[in-house]
Each structure stands twice: as C-alpha cells, then as structure tokens.
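So the chains spell out like this:
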Amino acid sequence: MVKKKSTTLLITIIFFYFVSYGITLFNDSVFWDDVGVVGMDSETILEWHNMAGMPYIGWLIVALSNLGAVGYRILSFFVFLLCSVFVYLILNNHKELFNKWDRFYIVAIFSVFPVFTERLLVIIGWYTIPYLLFFLGWYLLTEYYRKKQKIYRILSLLVFFLSFAHNSLLFFYGIVLIDIIYYEREKLTNIKTYLKLLYKYLDFLIIPIVARFIQTQFDSYGLYKGYNEITIDSLFKGIGYSIHSLNDSFLNVIIQVATPMNGIYMYGVVWIITIVISLIILKKHNDEQTNKSVLLFIYGILTIFAAVFPYCAVGKIPQHIGMYGRWQLLIPLGASITIYYGIKLIASIIRINIKVQTLILTYLITGFSFLNLSFFLEYQLDHYKQLALIYEMKNNKNVANNNTFIVVDNATELNAKNRTYKFYEFNYILKQAYGNPDKLAIRPEDTINKFKDFKEFHNYHFYEYEFEERPEYMISIDARQTNYSHLDILKLLYYEKFDQKKFNSKIQNLLELHVKKL
C-alpha cells in the first residue's frame with residue numbers, strides 16, 4: 001500500500017513537471033546570447049569566457065553548444081528533473097523532520113516553481129551543471145550522516161568544490177552549514193561543543209574559501225573588465241536589492257497564479273486539474289501535524305535570501321523581465337519550503353482542515369505548472385517571430401542589396417518576457433537570411449561608431465561588415481496580429497511538426513516589414 005501511494009505521488013510530480021517544461025523540447029530556436037554560442041567556433045566561446053575571468057566555464061559551454069539547441073534542452077530537462085530527485089533524497093534522509101507528505105509537496109513545488117525560464121538558453125546552460133552538483137553534494141553529505149563512511153564525506157567535499165564553479169553557490173552553501181548544525185544539534189550544549197563541531201567539519205568550512213581563492217586567480221579583462229566586482233557599498237545595497245527580489249521573484253509569482261492566465265479557458269483547466277488531483281491525494285492523505293513549521297518557515301525565508309543575495313551584491317536583481325530571470329536559479333528550494341510551511345502555519349492559526357490545505361497546495365502546484373507553460377509558449381512565439389523575420393528579410397531587395405540598417409521593432413508583443421532584441425540578434429537573423437556576416441543592424445538611438453570594438457568577435461555576427469558613415473535604410477517590424485492565445489501558439493506548433501505547408505503560410509503572414517531609405 002505504501003509503495004502504491006509513493007508511486008502515485010511520483011507520477012503526480014512527473015505529470016506537473018512535463019506540463020511545465022515539456023514544451024521546451026520542441027523549441028529549436030536560439031535567443032539572446034545563444035546566437036553567440038550555438039554553432040559558434042570553440043575559439044570564440046573560449047576567448048569570450050577568458051575575458052570574463054571564467055576559462056573553465058568556456059569549455060563547459062563549448063560542450064553544451066555542441067549539442068545544439070534541442071540537444072541542450074533535452075539535457076537541461078533531465079538535469080533539473082534529477083535535481084528534484086536529489087532534493088527528495090535529501091529530505092528523505094531527514095525523515096524525523098519531513099514526513100512523506102512534506103517531501104511530496106516541497107519537491108512538487110520545487111520542481112515547478114516558475115522562475116529561471118532562462119533554463120532554455122544554452123549560454124545559461126552551464127549554470128545547470130554546478131546546480132545539479134550542489135544537490136548531489138548535499139545528498140552525499142546526508143548519506144555520510146546516516147552511514148558514517150568516509151567515502152561519502154570525501155565525495156561530498158569534491159562535488160561541492162566542483163559546484164562552486166558557479167559563484168552564487170558559495171553563499172548559498174550557508175544553508176548546508178545550517179543543516180550540519182541541525183544534524184549535530186543534540187551534541188551542542190556549550191561553547192566547547194561548538195568549537196569541537198567547528199573542528200570536526202573544518203574541511204566543509206575551508207572548501208568554499210579554497211574555491212573562491214582559485215577563482216580570484218583569473219582576472220577579467222577587455223569588454224568584461226571589472227565583471228561581478230564586489231565592494232563594501234555593493235554588499236550593503238545588496239541587502240535592499242534582496243528584499244526587492246523577494247517581491248519580484250517570489251510574492252509576484254504567487255500573485256500571478258491567483259489570477260486568470262491568458263483567458264478564462266486556461267484558468268478553468270487549472271481548476272479542473274486541481275480538483276481531480278486533490279481528490280486523488282485526499283484518498284491517501286491523513287493529516288499529520290508538526291510543531292516545526294515556524295522554524296522551517298524561517299529557514300525557507302533565509303534560503304530565499306541566500307538565493308538572491310549573491311546576485312544582488314553585484315547589482316543584479318533577479319526578476320521576471322527581459323533576461324534578468326537568469327539570476328533566479330537558486331530560488332525554488334527556499335520558495336517551496338516557505339510556501340509549504342507558510343500554509344501549514346496559517347492553517348494551524350485559523351484552523352483550516354486538511355481538505356482545504358490540499359486544495360490550496362494542489363492549486364498552487366497546478367497554477368505554477370501552467371504559468372511555466374505560459375512562459376515557454378512565449379518563447380515558442382518568439383521563435384516563430386524569428387522565422388518570420390528571416391523570411392521577410394530574405395525576400396526584401398533593399399535588405400539584400402544593402403548592409404547597414406536601423407531597426408525599429410514594433411512587434412515586441414511577440415517577444416518572450418517583454419524582452420528587446422539585441423543588435424547581434426538582428427545581425428544573426430540577417431546572417432541566417434543571407435549566409436554571410438556582412439550586415440549591421442542597430443537601434444535608432446545608437447551610432448555606428450559604438451560597435452567598432454565589437455566587430456572582431458564572431459559572436460556578434462558582423463565580422464565581415466565594412467563600416468559605413470551612416471545607416472542606409474530603416475527597417476520597421478510590425479505584427480499583423482498581437483493577441484496570440486496559448487491555443488494559437490499550440491496550433492502553430494502542430495502545423496510546424498505535422499503540416500509544413502500551412503505552417504509556412506502562417507509564418508509568411510506573421511509580420512510586415514517596412515524598409516525605408518534614409
């Protein structure tokens with residue numbers, strides 16, 4: 001019976017995970033800085049990351065870019081699923097603290113909390129490997145707690161060290177140190193016992209320091225001079241930015257789930273799935289009270305702070321707009337613990353029964369899943385806009401016969417996450433249309449001279465361009481339709497895979513291109 005219940009919960013988590021991220025497996029487009037890595041020569045990628053003071057990351061991105069956009073997205077899909085597995089195993093090794101239902105809800109929310117949609121991007125893909133290693137290292141540490149075998153301790157230290165390739169995990173690692181204190185809590189009776197604990201786990205305290213020291217030996221230079229530089233002033237500002245991030249990347253996400261998403265039909269689907277799964281769960285769920293909700297709620301809040309502060313300390317505020325969500329990587333764990341135990345606390349105060357708790361939690365998980373789907377459908381529409389742009393530019397004589405353009409994008413409603421295309425994305429699209437990196441597209445507020453230092457880098461896609469005094473033409477991009485529903489985008493996806501003729505017809509009528517001589 002227990003095995004049957006566990007299987008049902010596992011299937012439920014996998015179902016929500018596929019609703020959230022399954023759509024990404026069909027997207028073979030490139031976005032933002034991906035135009036500088038997918039299909040790019042390894043020398044360019046390595047040079048770029050050498051400038052940023054991260055040569056070791058350059059090699060990882062070379063490996064990921066060789067997979068191509070779809071290959072990387074398949075890898076990313078399973079890497080993040082594996083992260084959820086390790087979170088479950090970590091919680092499972094703390095059975096005295098987390099019962100079966102605690103583990104289910106925390107892992108379910110962790111798996112689908114709708115932040116870091118940039119997991120789609122190859123250029124951000126290197127984040128995912130240290131992220132996975134971090135949770136693997138933590139799991140190995142909890143195995144050491146249980147089995148007291150030194151091999152688990154050594155492996156944990158090694159894996160943690162490798163995970164610190166991502167700087168933000170150095171600070172996030174503090175939540176693991178809290179876990180060590182919790183595990184040894186019964187032995188901590190006075191200052192002497194705390195000093196013994198310090199000595200016992202000295203290797204776990206030293207390992208992030210060693211990792212950081214090694215990182216500081218690689219200086220940033222060129223276009224990345226001063227990249228991610230930390231000052232005393234930035235540390236203090238980081239605290240305020242972190243509070244701002246708590247609103248943008250946590251509270252606002254919950255608020256979005258409480259409102260109808262892209263039409264009443266999607267809201268209705270969310271509620272139907274919520275009710276069905278709630279009924280399934282309630283057949284198996286008996287209420288189990290815990291007196292640890294307050295401490296775990298506080299731990300959840302601290303974990304969110306640990307997730308955003310490293311970014312905020314260098315002036316990077318995690319938020320769901322443009323590509324700033326790439327700094328939301330570490331938020332899901334703290335969010336899942338905070339949400340779950342926040343609801344438990346509220347339920348104990350105002351006496352909400354288990355049926356209502358289950359309905360609330362299931363609604364949130366369902367809503368998070370469909371919000372993810374909504375975000376990734378935006379990327380799908382963005383992908384179709386790129387295909388339409390390639391078609392329109394390829395078939396315009398003024399674009400074909402000239403090389404320098406001002407681009408005015410009036411079709412930003414078709415862009416994912418309210419983002420704006422960078423100049424090198426337009427260059428890439430022009431290169432896709434004509435096969436040569438000899439055209440330059442800039443924004444109205446830019447001057448040609450601004451880009452002279454960028455030409456030599458192949459990842460900007462205009463390295464064969466011959467500089468001219470001024471732009472020759474203005475390209476205005478307009479959308480024939482802006483209010484695409486989720487169903488409209490899913491239809492386009494269906495046509496793309498199963499009816500190429502109709503798909504081509506739709507793409508050719510997606511945009512209007514107006515090219516005017518200056």
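As the structure is a prediction and not an experimental result, all values here were calculated from the model.

### Here's the deal with the overall build of the protein
Tallying secondary structure elements over the protein gives 20 helices and 4 strands in all. Within the protein, the fraction of its 518 residues that count as buried is 56%. For the protein, the proportion of contacts with a sequence separation of at least 24, taken over those separated by at least 6, is 83%. Surface summary for the protein: the accessible area is close to 23600 Å², and the carbon and sulfur share equals 61%.

### Description of the pattern of salt bridges
As a working rule, side chains carrying opposite charge can pair if their charged atoms are close by. In this structure the tally under the stated criterion is 14 salt bridges. Between Lys 147 and Glu 143 there is a salt bridge, and its shortest N-O distance comes to 3.0 Å. On the criterion of helical spacing, the pair formed by Lys 147 and Glu 143 is a turn pair, its members being 4 residues apart in helix H6 (residues 125-147). Overall, the relative accessible area of 3% leaves Glu 143 in the buried class. With a closest N to O distance of 2.9 Å, Arg 419 and Glu 425 form a salt bridge. Neither Arg 419 nor Glu 425 differs from the other in exposure class; each is buried. Three or more residues are tied together by salt bridges with common partners; here these are Arg 443, Glu 445, Asp 446 and Lys 450.

### A closer look at the nonpolar core
Core analysis: the biggest nonpolar cluster contains 168 residues, and Phe 113, Phe 135 and Trp 138 have the highest contact counts within it. Element by element, the count of residues in this core is highest for helix H16 (residues 354-394), at 18 residues. Beyond its immediate stretch of four places on either side in the chain, Phe 135 contacts Cys 83, Phe 86, Val 87, Ile 90, Phe 110 and Leu 333.

### Some details on helix H5 (residues 100-112)
Side chains three or four residues apart in an α-helix point the same way, a direct result of the helix having 3.6 residues per turn. Here H5 is 13 residues long and its end C-alpha atoms lie 19 Å apart, about the 18 Å a rise of 1.5 Å per residue gives. Here H5 lies mainly inside the structure; 12 of its 13 residues are buried. Those residues of H5 that sit buried are Trp 101, Asp 102, Arg 103, Phe 104, Tyr 105, Ile 106, Val 107, Ala 108, Ile 109, Phe 110, Ser 111 and Val 112. Its side-chain oxygen at 2.9 Å from the backbone nitrogen of Trp 101, Asn 99 defines the N-terminal cap of H5.

### Comments concerning the layout of surface pockets
Of the volumes computed, that of the second largest pocket is approximately 440 Å³. Taken together, 19 residues make up the lining of the second largest pocket; nearest its centre are Leu 97, Ile 178, Tyr 182, Leu 296 and Tyr 299. Considering only residue class, the lining of the second largest pocket consists of 16 nonpolar, 1 polar and 2 charged.

### A look at the packing of aromatic side chains
Scanning all chains against the criterion turns up 51 aromatic pairs. The ring of Tyr 21 has Arg 119 sitting right over it, with the charged end atom 4.1 Å from the ring centre. The positively charged end of Arg 119 is found above the aromatic ring belonging to Phe 80, 4.0 Å away from the centroid.

### Side note on the sheet that holds strand E2 (residues 440-442)
Spatially, E2-E1-E3-E4 is the arrangement adopted by the 4 strands of the open sheet, whose pairing is mixed. A single partner strand is all that each edge strand has here, and the edge strands are E2 and strand E4 (511-517). When strand polarity is set aside, the average angle formed by the axes of neighbouring strands in this sheet is 30°. Packing against the sheet, H16 makes contact with strand E1 (404-409), strand E3 (473-479) and E4, and its axis sits at approximately 45° to E4. On top of the sheet, helix H18 (residues 423-434) reaches E1, E2 and E3; it is set at about 145° to E2, its chief contact.

### A short note on the packing of helix H19 (residues 486-498) against helix H20 (residues 500-508)
With their axes 6 Å apart at the nearest point, H19 and H20 run at an angle of 130° to one another. Considering the angle they form, H19 stands oblique to H20. For the pair H19 and H20, the crossing hand works out as left-handed. Seen from H19, the contacting residues are Leu 492, Tyr 495, Glu 496 and Phe 498; seen from H20, they are Gln 500, Lys 502, Phe 503 and Lys 506.

### Observations concerning the side chain of Asp 382
Here Asp 382 shows up in helix H16. Judged by its relative accessible area of 0%, Asp 382 falls in the buried class. Engagement of the side chain of Asp 382 in a polar contact is seen with the side chain of Arg 419, the distance being 2.9 Å. If sequence neighbours within four positions are ignored, Asp 382 has contacts with Phe 31, Leu 414, Asn 415, Ala 416, Arg 419 and Tyr 421.

### A short note on the packing of H6 against helix H9 (residues 174-183)
Put simply, H6 and H9 touch, their axes get as near as 12 Å, and they point 10° apart. As judged from the angle between their axes, H6 and H9 are roughly parallel. On the side of H6, the interface is formed by Phe 134, Trp 138, Leu 141, Thr 142 and Tyr 145, while H9 contributes Ile 175, Val 176, Asp 179, Ile 180 and Tyr 183. Of the residues contributing to the contact of H6 with H9, the split by class is 8 nonpolar, 1 polar and 1 charged.

### Some points on the confidence of the model for the protein
Residues at a pLDDT of 70 or more form 90% of the protein, whose mean pLDDT is 86. Helix H13 (residues 264-282) is the least confidently modelled element of the protein, averaging 63 in pLDDT, while helix H7 (residues 150-163) averages 95, the highest of any element.

### What about the environment of Asn 415?
Relative to the assigned elements, Asn 415 resides in the loop between E1 and H18. Exposure remark for Asn 415: the relative accessible area of 4% places this residue in the buried category. Along the chain, Asn 415 and Gln 380 lie 35 residues apart, while their C-alpha atoms are 9.3 Å from each other. Polar contacts involving the side chain of Asn 415 include one to the side chain of Lys 385, which spans 2.7 Å.

### Comments concerning the pairing of E1
Burial of E1 is extensive: 5 of the 6 residues sit out of reach of the surface. Here E1 pairs with E3 via 5 bridges, running parallel. When the bridges of E3 are listed, Asp 409 appears paired with Ile 477.

### Observations regarding unusual backbone geometry
Phi at Trp 32 is positive, roughly 55°, even though this residue is not glycine. Here Trp 32 lies in the loop between helix H1 (2-21) and helix H2 (42-51). Non-glycine residue Lys 417 carries a positive phi angle of around 60°. Examined against the element boundaries, Lys 417 turns out to sit in the loop between E1 and H18.

Thresholds, definitions, all that
- Along every chain, residues carry numbers that run from 1 in the direction the sequence is written.
- Given that the model is predicted, a residue must reach a pLDDT of at least 70 before its local features are reported, and side-chain atom pairs must reach 80 or more before they are shown or counted; all residues, however, enter totals for whole chains, interfaces and linings.
- Where side-chain values are given, they derive from all heavy atoms of the structure, hydrogens and water being excluded.
- Helix numbering and strand numbering both begin at the N terminus, where a helix is a DSSP run of H or I of at least 4 residues and a strand a DSSP run of E of at least 2.
- Relative accessible area decides the class of each residue, using a 1.4 Å probe on protein chains only: under 20% of the type maximum gives buried, over 50% gives exposed, and in between gives partly exposed.
- Here, two residues are considered to be in contact whenever any of their heavy atoms come within 4.5 Å of each other.
- Residue-level accessible areas treat just the shown protein chains as cover; the underlying method is Shrake-Rupley with a 1.4 Å probe.
- In the sections that follow, a salt bridge refers to a side-chain nitrogen of Lys or Arg positioned within 4 Å of a carboxyl oxygen of Asp or Glu.
- Side-chain atoms within 4.5 Å link the members of a nonpolar core, which is a set of buried Ala, Val, Leu, Ile, Met, Phe, Trp, Tyr and Cys residues.
- To estimate how far a helix should reach, multiply one less than its number of residues by 1.5 Å.
- Distance and chemistry together define a polar contact, namely a pair of N or O atoms within 3.5 Å, with one atom able to donate a hydrogen and the other to accept it when in protein, and with adjacent residues in sequence counting only for side-chain atoms on both sides.
- In this analysis, the protein atoms alone were mapped onto a 1 Å grid. Cavities are point sets where a 1.4 Å probe fits without being able to get out; pockets are open sets with protein on both sides within 12 Å along at least five of seven lines; lining residues have an atom within 4 Å of a point.
- Grid points are joined across faces, edges and corners, and a volume is the space filled by probe spheres set on the points.
- Residues are grouped as follows: Ala, Val, Leu, Ile, Met, Phe, Trp, Tyr, Cys and Pro are nonpolar; Asp, Glu, Lys and Arg are charged; every other residue, Gly included, is polar.
- Any pair of Phe, Tyr and Trp rings, taking the six-membered ring for Trp, is counted once the centres come within 6.5 Å. Such a pair is stacked with planes under 30 degrees apart, edge-to-face with planes over 60 apart, and tilted for the rest.
- In this scheme, Lys NZ or Arg CZ marks a charge over a ring once it lies within 6 Å of the ring centre and within 35 degrees of the ring normal.
- In this scheme, strands are said to pair when DSSP sees at least two bridges between them.
- Axes here mean lines fitted to C-alpha atoms, for a helix over just the part in contact, with angles spanning 0 to 180 degrees between N-to-C directions.
- Throughout this description, any angle smaller than 35 degrees is read as roughly parallel, any larger than 145 degrees as roughly antiparallel, any in the 65 to 115 degree range as roughly perpendicular, and the remainder as oblique.
- In this scheme the crossing of two helices becomes right-handed for a clockwise turn of the near helix relative to the far one and left-handed for an anticlockwise turn of less than a right angle.
- Looking at any residue, its pLDDT shows the predictor's confidence there, from 0 to 100.

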